[in-house]
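# Working through the structure, step by step
These are the residues of each chain, in order.
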Amino acid sequence: MPKDTSIQSVLIIGSGPIIIGQACEFDYSGSQAAKSLREEGITVTLINSNPATIMTDKVTADNVYLLPLEVKSIIKILEEQKIDAVLPTMGGQTALNLALKCEDLGIWKKYNVRMIGVDIDAIKVTEDRDLFRARMEEIGVNMAPSKIAKSFLEGKSVAQEFGFPLVIRPSFTLGGSGGSVVYEKENFDTLLNRGLKTSPIHEVLIDKAVLGWKEFELELLRDKNDNVAIICSIENFDPMGVHTGDSITVAPAMTLSDKTYQIMRTMAIKMMRSIGNFAGGCNVQFAVSNDEKEEIIAIEINPRVSRSSALASKATGYPIARIASKLAIGYQLDELINQITKSTSAYFEPTLDYVIVKIPRWNFDKFKGCNRELGFQMKSVGEVMGIGRCFQEALQKACQSLEIRRNGLGADGKELTNQQELLKALERPSWNRLFMIYDAMKLGISLNTIQKLTKIDKWFLVQIEELIALEHEVSKYSLQNISKELLYEAKQKGYADRQIAHLLRCLESEVYKKREELGIKRVYKLVDTCAAEFEAKTPYYYSTFETENESKQSAKKKIIILGSGPNRIGQGIEFDYSCVHGVLAAKECGYETIMINCNPETVSTDFSTADKLYFEPVFWEHIYDIILHEKPEGVIVQLGGQTALKLAEKLNKYSIKIIGTDFKSLDLAEDRGSFSTLLKNNNIPYPKFGVINDADEALHLSKELGFPLLVRPSYVLGGQSMKIVINEQELEQHVVKLLNDLPDNKVLLDHFLEGAIEAESDSICDGKDVYIIGIMEHIEPAGIHSGDSYAVLPPFDLSENVLNQIKEQTKTIALALNTVGLLNIQFAIKNEKVFVIEANPRASRTVPFIAKAYDEPYVNYATKVMLGEKKIKDFNFKPRQKGYAIKVPVFSYEKFPEIQKELGPEMKSTGEAIYFIDDLNDEYFQNIYSERNLYLSK
């Protein structure tokens, strides 16, 4: 049956600002959905408050509303646009909750808007823990013993009945917010209160904990004729007790028997059919007993695209959100074409001849004093994915993608050797438990002991044990006498040249040269959804070490764009936005575009974004091999944040052209000493500073600079490890800590300008002309990281004198740095004098915000300037509209209730929203402006 032609216009509800538990996977899903619907001639209207997303771009939707995700915003849209249907399944829990609220208020009915992709009953059944349990009982699906508690006394009664350990799951929340595992009776009251407060309906489900059981997920799609396809099976490396968003996950499932998989498959389909009659996607989670019985119980079902949907889409090559959107408007699965093969139908379930491993990325270092133990409440801020021909290769590649100063799993001399510390880490999971398992095995702790403490399936532990045995064997040899077979085996199991160099006691470059001589070369395989049963048409690749290379070179001129890797605080979705716009601009200029990234949540790793996608670690060895294979005109590093920028030195060393601002200028801006000399030579004021190598030098320099001092390392993002110190004791303690934590970085001391106001500018320079795209004034005074500050565009109370200084300094610095592309500069203003704090010749966190505020594709323009295809004078910049845009930082402090919520020079916000006002009398502006006076008074 063809699509429902009565649906001519659809409203997609986004997920709002990035928070822990709801990140850029919904930008990917929303963008996919909008593209899919527009292909069908449907007018797409989109609401979201996050300016850093591709989904809020005009390239994505016909009508974009950058408004708060509130009922009154929905009413405004329905008054202004003719909307036939609403699709609330692409914006996570936020979108579902808003759609449900509009339904309860009768808004959809009043404006004659249908809900597609899900139905109200399905939302209510899956979010109301009591209703869900009753429905599962009706269809004969087992669950863990559990009861609903709507008050503190009810919760205490349930705990007395079940005993400990228990699991607390609040209703209608995301990312496991407020959820916890309670091991001891003493902690129950506090955690129960937290769960009840977190739930918007003051309700929790209390489960008898099935800790140690294995956890699995299935991704399903269903059409209106009740045909169901299982897109992907995902197994959690970590057992029950760790939120799936914080667990290492593997696809396809590794340790499940076929018999149990078929039972699980049948249960998932039965569950999806039982919760409502709708066409769209579902994510179903199960627990399986870790014994021969493989008893299955249901955990939950989400009638929407989820975090795992984005992962499953990238793992299989099957675009779940894209197909789910078409099913929502009436198509059947067998009527739709598989986007990878272009020959099979979407009803053809993917088959993988490779393995993917997802590892979460945490930012516990940003939250001093926080509880780093993992549980039912998600705490990770991002994730990476590795693809390999075997689990071990995929695992190593995922570890290489994390950017945590490790070269992979093991073989880097950073092992922990304290037995008691290791045993404790194994029992109570934290961010580094994978590395602790490796260290424990290497120390000689038995596999049985590790399995008993971690409850991780023995199959996974044996895989790690085999890696340690391989390392032991490799380390017996030197570079001169290691056999080709052994070196080949190490590469097939994912070891980086850098790791092998450590084992052979030689240089990384020597290992590379050796394997080249032996003909051990990286080849590229297609992600094809069908285990090579049908020919794949989409150029989506991963690397391995075999003989056949499926990535064919074209004769076109090519550009490589380096992605930003995993999301983390200080480097988030805004850099993916820039990468995607860089790809689009390069395509418009006639280049074949090649994207390298390892983040499964992003639009940049959608195989339809660039002409070629390499899903690989943004790690030198992988990048260099792709460059040698593709032979591009050059590499763009400006758009991928600090991740890409850090690779500029290597690119320069190997004579690979950097597109746009060259390495010398990039390095000059990062080197505080050289940059300050540049400022001095151009008569630009800057705070007094110095560079130190040890604590004695720091104490000596402090007498010259005077307190307070801003202490910071170079080459970091998000203000990592920055601190304002006010005396010698604080200074010495922080310098010693920095030199231990970041031994290869320079430590800078700046005299801190107390009571100063901060501002920043973003601009584009073509080497000759400079165009300032925006100047923002921060609400909070200097000392609060710019990413954590409210920023107002244009400035609201800077004098003409100050604005002129900012403009002149921006233009002078841009030209002095020989900038070709984007430039962000941060300023401190005190007594009408403007001081330059720092300059970053790259895409900044604020560029997407300015682009949305002024409705101008600035990254697109900057990329064309970098490529030499356009000059500033070639662009017809739009006149600026009246009014103001406010960048609103958003935090995820609810995940860490035990920490102090104090802001400082180190960034802590996880996302941002945009808010428009007509004038400065706006009540919202006045409220946040009063905060500045409060800060200054302190």
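Shown above is the structure to which this text applies.
Presented here is an overview of the structure given in this document. (Residues numbered from 1 in each chain as written. Predicted model: local features only at pLDDT ≥ 70, side-chain atom pairs only at ≥ 80, totals over all residues. Heavy atoms only, no water.)

### Looking at the overall build of the chain
The condition is simple: Put simply, DSSP H or I for four residues or longer makes a helix, DSSP E for two residues or longer makes a strand, and each gets a number counted from the N terminus. Only the C-alpha atoms count toward the radius of gyration. The rule for a globule is 2.2 Å times the residue count to the power 0.38. Buried, partly exposed and exposed residues are distinguished by accessible area as a fraction of the type maximum, computed with a 1.4 Å probe on protein chains only: under 20%, between the cut-offs, and over 50%, respectively.
Counting secondary structure elements, the chain contains 31 helices and 33 strands. In terms of C-alpha radius of gyration, the chain reaches 27 Å, essentially the compact-globule figure of 30 Å for 938 residues. Each of the three principal axes of the chain carries a C-alpha extent, and together these read 75 × 75 × 65 Å. For the chain, the residues scored as buried account for 66% of the 938 residues in total.

### Examining the sheet that holds strand S8 (residues 180-182)
We count it as follows: For two strands to count as paired, DSSP must find a minimum of two bridges between them. Axis lines are fitted to C-alpha atoms, over the contacting stretch for helices. Their N-to-C directions set the angle, which ranges from 0 to 180 degrees.
Strand order in the open sheet made by the four strands is S6-S9-S7-S8, with antiparallel pairing throughout. Strands with a single pairing partner mark the edges of an open sheet, and in this sheet they are strand S6 (146-149) and S8. Averaged over all pairs of adjacent strands, the angle between strand axes in this sheet comes to 25 degrees, irrespective of strand direction. Judged from the four bridges that link them, S6 and strand S9 (residues 204-208) form a sheet pairing that is antiparallel.

### Re helix H12 (residues 391-401)
Of all the 11 residues making up H12, 11 are buried; the element is thus mostly covered by neighbouring parts of the structure. The complete set of buried residues in H12 reads Phe391, Gln392, Glu393, Ala394, Leu395, Gln396, Lys397, Ala398, Cys399, Gln400 and Ser401. Phi turns positive, to about 60 degrees, at Glu403, one or two residues after H12.

### Comments concerning the packing of helix H15 (residues 447-454) against helix H16 (residues 458-474)
Quick reminder of the rule: What sets the label is the angle itself: under 35 degrees gives roughly parallel, over 145 gives roughly antiparallel, 65 to 115 gives roughly perpendicular, and the rest give oblique. Two helices that cross are described as forming a left-handed crossing if the nearer one is turned anticlockwise from the farther one by less than a right angle, and a right-handed crossing if clockwise. For this analysis, residues touch if any pair of their heavy atoms sits within 4.5 Å.
For the pair H15 and H16, interaxial distance at closest approach is 10 Å and the crossing angle is 135 degrees. On the basis of the axis angle, H15 is oblique to H16. The two elements H15 and H16 cross, and the hand of that crossing is right-handed. In this structure, H15 uses Leu447, Asn448, Ile450, Gln451 and Thr454 to contact H16, whose residues at the interface are Lys458, Leu461, Val462 and Glu465.

### Considering a negative patch on the surface
As a reminder of what qualifies: Here a patch means residues that are over 30% exposed by relative accessible area and free of salt bridges, tied together within 9 Å if like-charged and within 5 Å if nonpolar (Val, Leu, Ile, Met, Phe, Trp, Tyr). Computed with the Shrake-Rupley method and a 1.4 Å probe, the accessible areas treat only the protein chains shown as cover for residues. Basic side-chain nitrogens of Lys or Arg form a salt bridge, by our definition, when they fall within 4 Å of a carboxyl oxygen of Asp or Glu. Asp and Glu count as negative and Lys and Arg as positive, but His and the ends of the chain are not part of the count. Think of each charge as sitting on NZ of Lys, CZ of Arg, CG of Asp or CD of Glu.
There is a patch of like negative charges on the surface, built from Asp694, Asp696, Glu697 and Glu732. Assignment of secondary structure puts Asp696 in helix H26 (residues 695-705). With a relative accessible area of 62%, Asp696 lands in the exposed category.

### Looking at the packing of aromatic side chains
Just so we agree on the cut-off: In this analysis, rings of Phe, Tyr and Trp, with Trp reduced to its six-membered ring, are considered paired at centre separations within 6.5 Å, and the interplanar angle assigns stacked below 30 degrees, edge-to-face beyond 60, and tilted for intermediate values. A ring has a charge above it when a Lys NZ or an Arg CZ is no more than 6 Å from the ring centre and no more than 35 degrees off the ring normal.
Tallied over the full model, the rule gives 28 aromatic pairs. Note on Tyr540 and Phe607: the rings are 6.4 Å apart at their centroids and 20 degrees apart in plane angle, and the pair reads as stacked. Taken together, the residues span a long stretch of sequence, with Tyr540 in strand S18 (residues 540-544) and Phe607 in the loop between strand S20 (592-597) and strand S21 (612-615) at a distance of 67 residues. What makes Tyr540 buried here is its relative accessible area of 0%. Taking relative accessible area as the criterion, Phe607 reaches 10% and is therefore assigned buried. Ring centres 4.4 Å apart and planes at 45 degrees place the aromatic pair Tyr915 and Tyr924 in the tilted group. Using a relative accessible area of 26% as the deciding quantity, one classes Tyr924 as partly exposed. Three or more aromatic residues joined by ring pairs form one cluster here, namely Tyr771, Tyr858, Tyr861, Phe875 and Phe877. In this structure, Arg222 packs its charged tip against the face of Phe278, placed 4.9 Å from the ring centre. For the cation-ring pair, Lys314 lies above Tyr28, with the distance from its terminal atom to the ring centre recorded as 4.1 Å.

### Let's talk about the environment of Ile275
Along the chain, Ile275 turns up in helix H9 (residues 258-275). Along the primary structure Ile275 and Glu127 are separated by 148 residues, whereas in three dimensions their C-alpha atoms are 11 Å apart.

### Notes on the environment of Leu100
Tracing the chain through its elements places Leu100 in helix H3 (residues 92-104). By relative accessible area, Leu100 is classed as buried at 8%. Taking the C-alpha atoms as reference points, Leu100 and Ile123, separated by 23 residues in sequence, lie 7.7 Å from one another. Contact partners of Leu100, with chain neighbours within four places excluded, come to Ile120, Ile123, Lys124 and Phe172.

### Quick notes on the sheet that holds strand S5 (residues 114-115)
The strand order across the open sheet built from five strands is S3-S2-S1-S4-S5, with neighbouring strands paired in parallel fashion. Each edge of the open sheet carries a strand with a single partner, namely strand S3 (63-66) and S5. Relative to S5, strand S4 (residues 85-87) runs parallel, the two being bridged by two bridges. From the neighbouring strand, Val86 faces S5, where its bridge partner is Met115. Running at roughly 155 degrees to strand S2 (residues 43-48), helix H2 (residues 71-80) makes contact with strand S1 (9-13), S2 and S3 of the sheet.

### What to know about the pattern of salt bridges
Within the structure shown, the criterion is met by 55 salt bridges. Linking Glu616 and Lys397 is a salt bridge whose minimum nitrogen-to-oxygen distance equals 2.7 Å. With Glu616 in the loop between S21 and helix H21 (620-630) and Lys397 in helix H12, the pair connects residues that are 219 residues apart, well separated along the chain. Of the two residues examined, Glu616 and Lys397, each falls in the buried class. Across the pair Glu728 and Lys703 runs a salt bridge whose closest N-O atoms are separated by 3.0 Å. On the criterion of sequence distance, the pair formed by Glu728 in helix H27 (residues 728-741) and Lys703 in helix H26 is long-range, its members being 25 residues apart. Salt bridges sharing partners connect three or more residues here, namely Asp353, Arg389, Lys525, Glu546, Glu548 and Glu550.

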